[in-house]
Structures are given as C-alpha cells and as structure tokens.
There are 2 protein chains.
Amino acid sequence: MLTLKQDHSELVVLSVLAIGPSYGYAISKAIATQSDGYFKLLPSAMYPLLTKLEKNGLVTTSWEEVKAAGADPDSTGRRRKWYTLSPKGHKQLARRIELHRQTQSIIDGFVAQAPENQLASG
Amino acid sequence: MLTLKQDHSELVVLSVLAIGPSYGYAISKAIATQSDGYFKLLPSAMYPLLTKLEKNGLVTTSWEEVKAAGADPDSTGRRRKWYTLSPKGHKQLARRIELHRQTQSIIDGFVAQAPENQLASG
DNA sequence: AAGAATATATCGAGGTTCGATATATCCAAA
DNA sequence: TTTGGATATATCGAACCTCGATATATTCTT
C-alpha cells in the first residue's frame, strides 16, 4: 500500500475527475479500487489537496444533501461535496500529463544505465 | 527546469551512484547534464538527501583533498566528499526500480482513461 | 585582479503528509 | 433494537521536505 505524493496525487485526482464529477470519499475509493489496493490517498492528504484544487480554480464544488428513504425529514442527512473539473482544470490536466511523460522519460534514462536495472542489457 | 522530489531524487541519485562513486557537486551536474537541463537538484535538497543516504547505510563516504598543482603546500585545498553505493544501497536501488515500475504502470492506468490523454483512443 | 566555476553546508520559512481524532449519518446483521 | 461497519467530511500537531538565501573557501580563466 503506497502513499501517493503531491504531484502524483494531483495527477491521479485530476484524471479521475476528468471522467466525471465525484466527491472525496468516492475519489479515495476509486484510487484504492482501480489500483488494486496499491495506492491510498488518506483523508488527511486528500481534503487539503481538494481544497487547494478548488482554491486554484481547477475544480468547482457543490453540496448534495443525501437523505435516506425512511429518514427523519428534519434531519440534515449525509452531506456530499461534489467536485467538477473546470475548463482551467482540464487544461491543467493536459499540461500535467505532458509533464508526467517528459519526467518519466528522463527518469527512465537514469534508471536504465544502472546495473540494477533488470531490463538493462549490461 | 523541474525540481526533483524526494522519491525521484533518491532513485536518480542512487542510479547515478550505481555507475560508480561520485561526489555532491558532480552528482548535481550529472543530473542537470544528463537531463538536458530538465532536472535540477539544489544543494539545499541534495546535501540533506546524501546525509540521509549515509545515515541509512546506503552509501559509504570518504574525503578527498584536492590540491592544485601550484597550490600552497600548507593550504587545506578543496575538499571533496565521495559517495560510494554500499551493498545495502544496491539492494535498495533494485527494490526502488521495481517499485518505480509498478507505480508508473498504475499511474499510467489512471492517466490513460482521462480524455485529456493525447494517446487515448477516445 | 576580477569573476566564474567548483565544492560543501546550514538556516528559517513555507508547504506536505501522517496518524489520530472528531463528528455525524446510513445500512445490515444479530 | 442495538451494535458495528461503511459512508462522508474535516482538522490538529508532529514530523518531514524543499526553497531561496546565505556562508565559506578554493581553483580556474580571462
């Protein structure tokens, strides 16, 4: 179970939101599920990140009151904060994907020359 | 000019040291040169990192006194701290390369499904 | 003689992540 | 019906990381 660091967190969260709007808990579950439990994004890292995305205008948010079928009509119900990728967010994601590719390619160059690299010829 | 974050810094520095012993300034130059100026590892990030590698037993160190040809025989000369990858460091590098590959593969999975992904079919 | 390059290192400020904790609702099983 | 697990958002202090600036000193080039 690997913890995602900021750069990767942002890339992955933006990628998840690119499919469609979602909310914190669902994003966190999506990351755990789609990575077969390999990645986790803890609430203590996720919420500050989502807040930052909102502050930077990469996502817009709205609250949903999820009331159960037989719930007390006066109860507040469960609150869900939806995050929607903004046009700025879409552009940012495209930029980050490109950056990610370049970064990968160069890091792979360093790794490739290491004798520890199982895929290296020497 | 991208700044390397801790995980990547460690992977890249270990990869550089896997070729052979080196010292701080040379490592920093190697990273800048081999990445065509794309990556930088600032002294303020590099020296704490190298110290940590030493503390964790991944590298061993030794000082070299580099005296110039016509230098004052009593001068201390320029000091160079050499870093050599230890057996533990070699194992750690192999583990990190494997981890890096897995991480890449999963992140690519998330990125691949984003409509922003230029390489995606949709 | 001046300045660029070589070389190592620390400092405080600011940012990030962790584990723990807090709060509250909903659902399923005993 | 009550207990517990899952759903759901959020903050706190401690620990850690990185930045830009700064410090110090040597060596090479012009």
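Check the entry above for the structure.
Please read all numbers here as calculations on a predicted model, not as lab measurements.

A word on the interface of chain A and chain B. Between chain A and chain B, the residue contacts involve 37 residues of the former and 37 residues of the latter. Buried surface at the junction of chain A and chain B, summed over both partners, amounts to about 3,300 Å²; 69% is from carbon and sulfur atoms. In terms of surface lost to chain B, no three residues of chain A exceed A:Tyr38, A:Phe110 and A:Glu116, which account for 21% of the buried area on that side. Here chain A and chain B share 0 salt bridges between them. Those elements that place two or more of their residues in the side of chain A that touches chain B are helix H1 (6-19), helix H2 (24-34) and helix H4 (87-112) of chain A. At 15 residues, H4(A) tops the list of elements feeding residues into the side of chain A that touches chain B. When grouped by side-chain class, the residues that make up the side of chain A that touches chain B number 21 nonpolar, 11 polar and 5 charged.

Let's shift gears to helix H3 (residues 43-55) of chain A. Residue and element names in this part refer to chain A. Between its first and last C-alpha, H3 extends 18 Å over 13 residues, near the 18 Å set by a 1.5 Å rise per residue. Those residues of H3 that sit buried are Met46, Leu49, Leu50 and Leu53. Mapping the buried residues of H3 onto a view down its axis gives an arc of 100°, with all of them on the same face. Residues of H3 that are exposed and angled more than 90 degrees away from the buried face: Ser44 and Lys55.

Okay, the protein's contact with DNA strand D next. Residues in close proximity to DNA strand D total 25 residues, the closest being A:Tyr25, A:Arg80, B:Thr3, B:Gln6 and B:Arg78. Counting only atoms of DNA strand D within 4 Å of the protein, the fraction found in sugar and phosphate groups is 71%. Within the backbone of A:Gly24, one N or O atom sits 3.4 Å away from a phosphate oxygen of DNA strand D. Interatomic distance of 2.3 Å between a backbone N/O atom of B:Gln6 and a phosphate oxygen of DNA strand D. At the level of elements, H2, H3 and strand E5 (78-85) of chain A together with helix H3 (43-55) of chain B are the ones that each hand at least two residues to the surface near DNA strand D. For the surface near DNA strand D, the element with the most residues is E5(A), which contributes 5 residues. When grouped by side-chain class, the residues that make up the surface near DNA strand D number 10 nonpolar, 6 polar and 9 charged.

Near DNA strand C you find 25 residues, and of these A:Thr3, A:Gln6, A:Arg78, B:Tyr25 and B:Arg80 are the closest. A share of 70% is what sugar and phosphate atoms reach among the atoms of DNA strand C within 4 Å of the protein. Within the side chain of A:Thr3, one N or O atom sits 2.6 Å away from a phosphate oxygen of DNA strand C. One of the side-chain N or O atoms of A:Arg78 is found 2.7 Å from a base oxygen in DNA strand C.

The next subject is the sheet that holds strand E5 (residues 78-85) of chain B. All names here are of chain B. As summarised here, the arrangement of the 3 strands in space is E2-E5-E4, forming an open sheet in which the pairing is antiparallel. At either margin of the open sheet sits one strand with a lone partner, and together these are strand E2 (22-23) and strand E4 (59-66). In the sheet, E2 pairs with E5 via 2 bridges, with the strands oriented antiparallel. Across the sheet, Ser22 pairs through a bridge with Tyr83, a residue of E5. Seen against the sheet, H3 touches E4 and E5 and runs at an angle of roughly 125° to E4.

A few words on the packing of aromatic side chains. Residue and element names in this part refer to chain A. Enumeration according to the criterion identifies 4 aromatic pairs over all chains in this entry. Centroid distance Tyr23 to Trp82: 5.1 Å. Interplanar angle 70°. Geometry classified as edge-to-face. Taken together, the residues Tyr23 in strand E2 (residues 22-23) and Trp82 in strand E5 connect sequence positions 59 residues apart. For Tyr23, a relative accessible area of 18% gives the class buried. Above the face of the Trp63 ring, Arg79 is positioned so that its terminal group lies 4.0 Å from the ring centre.

All right, on to the relation of the copies chain A and chain B then. For the pair chain A and chain B, the relating rotation is 180°, the translation along its axis is 0.0 Å, and the fit reaches an RMSD of 0.0 Å. With respect to symmetry, the two chain copies, as superposed, fit the operation of a two-fold axis. Considering only C-alpha atoms, the part of chain A nearest the rotation axis is A:Gln104, at 4.1 Å. Interface overlap between copies is the fraction of interface residues in one copy that are interface residues in the other; for chain A against chain B it reaches 100%, indicating a shared surface.

Rules of the game
Residues numbered from 1 in each chain as written. Chains lettered and ligands numbered in written order. Predicted model: local features only at pLDDT ≥ 70, side-chain atom pairs only at ≥ 80, totals over all residues. Heavy atoms only, no water. Contact = heavy atoms within 4.5 Å. Buried area = accessible area lost by both parts, 1.4 Å probe. Salt bridge = Lys/Arg side-chain N within 4 Å of Asp/Glu carboxyl O. Helix = DSSP H or I, 4+ residues; strand = E, 2+ residues; numbered from the N terminus. Nonpolar A, V, L, I, M, F, W, Y, C, P; charged D, E, K, R; others polar. Expected span 1.5 Å × (residues − 1). Buried < 20%, exposed > 50% of the residue type's maximum accessible area, 1.4 Å probe, protein only. Arc of directions from axis to C-beta. Near = heavy atom within 4 Å. Polar contact = N/O pair within 3.5 Å; in protein donor to acceptor, adjacent residues only side chain to side chain. Pairing = 2+ DSSP bridges. Axes fitted to C-alpha atoms, helices over the stretch in contact; angles between N-to-C directions. Phe/Tyr/Trp six-rings, centres within 6.5 Å; stacked < 30°, edge-to-face > 60°. Lys NZ or Arg CZ within 6 Å of the ring centre and 35° of its normal. Least-squares fit on C-alpha atoms with pLDDT ≥ 70 in both.

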